[in-house]
Amino acid sequence: FTLAMGMTSTIPDMDPTKPASCDPKKIVQNIIDSRSTFVAGSPAIWEKVGNYCVEHSIKLPSVKQVVMFGAPVRAEIHELFKKVLVGGDTYTPYGATECLPVSLISGSEVLNGKSQKSLKGFGTCIGRAVPRTSIKIIPTSDIPESQIHELPRGSIGEILVSGDQVTPAYFEMPEETRKAKIQIGETIWHRMGDMGHLDEENNLWFLGRKSHRVEISPELTLYPLEVEAIFNQHPEVKRTALVKVMDQGTATPVIVIERKDACTKMADTFLSDLQKLRLKTSSSELIHQFYLHPGFPVDVRHNIKIDRLKLTAWAQEKGIHV
């Protein structure tokens, strides 16, 4: 991608199909040797690199931009690089194969108040629209649309995007095109398949994939990032995933937890901590079931996106325990 844009590029010493398995020592040496100013890749890479640099008191003075993409980036990773970069910053662009980029935010902006809102269930802030790009929030629907009904600021809905970078169609896939594209006049809008809301400063907040929402009733829906952020605050938790378990035709929201120590035995003290955390917001308060998983399945490309379909099937097998 960088080569196509004419950037002088260094290919790192790693298996690009397994970013989470990279050797951070080699990546750091690559950056130092080539005096890289712009580095980009999966958050799975940069978490390892950031931890390695902090543990060995290494600074990266040449780097001006650390770009992370592929999944929502936790505030802790931005904080890591505050200790590593001398005159640079972290950046998290948002987009999709069909529409890239859509918005952009720096680590400094995230840490300046927005990460605190994430801890209260607002979602992950992914910044303002890039130039010549428009973002709207529309009512959630799983059927093709032909019109735009824009929701007011602060309302949660499906993210819709228009701009020069929006692809007009899927090649020889008219049905998929009909599902994902809305044409109003000469403008083509792309349905991102993601849930979110816009704040008063035109910042876009991401709440998760539309297909990952948990509809408890027609009036009540839970979104992954608004709930997971509450339980991710526990110091022993590596990450969590909101999934639904069907019980006699009713969708029950549950939280699957991957602990930092990979322990799968639910200690009474840990469960007690989770019960206290769930009372922090009206959404997290609806969670009554917690499952411990030894290690989350992730996507093969970035090694960071949680495979929620596999986790849902896993949780369904465990069933509901009252």
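What you see as residue numbers is a count from 1 along each chain, following the sequence as written. Residue-level local features of this predicted model are given only where pLDDT is at least 70; pairs of side-chain atoms are given and counted only at 80 or more, and the full residue set underlies all totals for whole chains, interfaces and linings. Where side-chain values are given, they derive from all heavy atoms of the structure, hydrogens and water being excluded.

Caption draft 1: Quick look at the sheet that holds strand 1 (residues 38–41). Only strands that DSSP links by at least two bridges are regarded as paired with each other. Numbering goes from the N terminus for both helices and strands, where a helix is a DSSP run of H or I of at least four residues and a strand is a run of E of at least two. Strand order in the open sheet made by the 5 strands is 1-2-3-4-6, with mixed pairing throughout. In this open sheet, the two strands that pair with only one neighbour each are strand 1 and strand 6 (128–129). Here 5 bridges tie strand 3 (residues 89–96) to strand 4 (residues 99–106), and the two strands are oriented antiparallel to one another. Paired with Pro93 across the bridge in strand 4 is Leu104. Note on contacts: a residue pair is in contact if any heavy atoms of the two residues lie within 4.5 Å. Note on method: axes are straight lines fitted to C-alpha atoms, helices fitted across the in-contact stretch only, with angles between N-to-C directions ranging 0 to 180 degrees. Strand contacts of helix 2 (residues 43–55): strand 1 and strand 2 (65–68), with the helix running at about 125° to strand 1, the strand carrying the most contacts.

Caption draft 2: Spatial organisation of a nonpolar patch on the surface. A contiguous nonpolar patch, built from Phe1, Met5 and Leu100 and spanning about 380 Å² of accessible area, is present on the exposed surface. Assignment of secondary structure puts Leu100 in strand 4. Buried residues are those whose accessible area, probed at 1.4 Å on protein chains only, stays under 20% of the maximum for their type, while exposed residues exceed 50% and partly exposed ones sit between those limits. Among the residues examined, Leu100 registers a relative accessible area of 47% and is labelled partly exposed. For patch detection, residues must exceed 30% relative accessible area and be free of salt bridges, and they are connected within 9 Å for like charges or within 5 Å for nonpolar side chains (Val, Leu, Ile, Met, Phe, Trp, Tyr). Throughout, the Shrake-Rupley method with a 1.4 Å probe supplies accessible areas, and for residues the shown protein chains are the sole cover considered. We define a salt bridge as a side-chain nitrogen of Lys or Arg found within 4 Å of a carboxyl oxygen belonging to Asp or Glu.

Caption draft 3: Examining the sheet that holds strand 16 (residues 289–292) more closely. Pairing is mixed in the open sheet, where 3 strands are placed in the order 14-15-16. Looking at the sheet topology across the chains shown, the edges are occupied by strand 14 (237–247) and strand 16. Across the sheet, the axes of successive neighbouring strands diverge by a mean angle of 30°, strand direction being ignored. Sheet topology note: the strand 14/strand 15 (residues 250–259) ladder contains 10 bridges and is antiparallel. Residue Val243 lies in a different strand from strand 15, and its bridge partner there is Val254.

Caption draft 4: Summary view of the nonpolar core. By nonpolar core is meant a set of buried Ala, Val, Leu, Ile, Met, Phe, Trp, Tyr and Cys residues that side-chain atoms within 4.5 Å join together. Judged by nonpolar contacts, the single largest core of 20 residues is most densely connected at Ile31, Trp46, Val49, Leu60, Val63, Val66 and Phe81. Per-element accounting of this core gives the leading share, 5 residues, to helix 2. Filtering out sequence-adjacent residues up to four positions away, Trp46 remains in contact with Ile27, Ile31, Val39, Ala40, Gly41, Val66, Val67, Met68 and Phe81. One finds Ile137, Val161, Leu198 and Leu225 within the second-largest nonpolar core, a separate group that totals 16 residues.

Caption draft 5: Inspection of the side chain of His78 at higher detail. With respect to the secondary-structure elements, His78 resides in helix 3 (residues 75–82). Given a relative accessible area of 1%, His78 falls into the buried group. If we skip the residues at most four places from it in the chain, His78 touches Met68, Val73, Thr90, Thr92, Gly107, Val110 and Leu111.

Caption draft 6: Spatial organisation of the state of the cysteines. Criterion for a disulfide: a pair of cysteine sulfur atoms at a distance within 2.5 Å. Considering all chains together, one arrives at 0 disulfides under this definition. The cysteine Cys53 is free of any disulfide, with Cys22 supplying the nearest cysteine sulfur at 11 Å. Taking the relative accessible area as the measure of exposure, Cys53 reaches 0% and is therefore buried.

Caption draft 7: Representation of the packing of helix 1 (residues 24–34) against helix 2 within the structure. Orientation of helix 1 relative to helix 2, taken along the N-to-C sense of each, is 80°, at an axis distance of 9 Å. Considered as vectors, helix 1 and helix 2 are oriented roughly perpendicular to each other. Judged by residue contacts, Pro24, Lys25, Ile27, Val28 and Ile31 of helix 1 engage Trp46, Lys48, Val49, Tyr52 and Cys53 from helix 2. In the scheme used here, Gly and all other residues not listed as nonpolar or charged are polar, with Ala, Val, Leu, Ile, Met, Phe, Trp, Tyr, Cys and Pro taken as nonpolar and Asp, Glu, Lys and Arg as charged. Grouping the constituent residues of the contact of helix 1 with helix 2 by class yields 8 nonpolar, no polar and 2 charged. If an angle is under 35 degrees, it is roughly parallel; if it is over 145, roughly antiparallel; if it lies from 65 to 115, roughly perpendicular; otherwise it is oblique.

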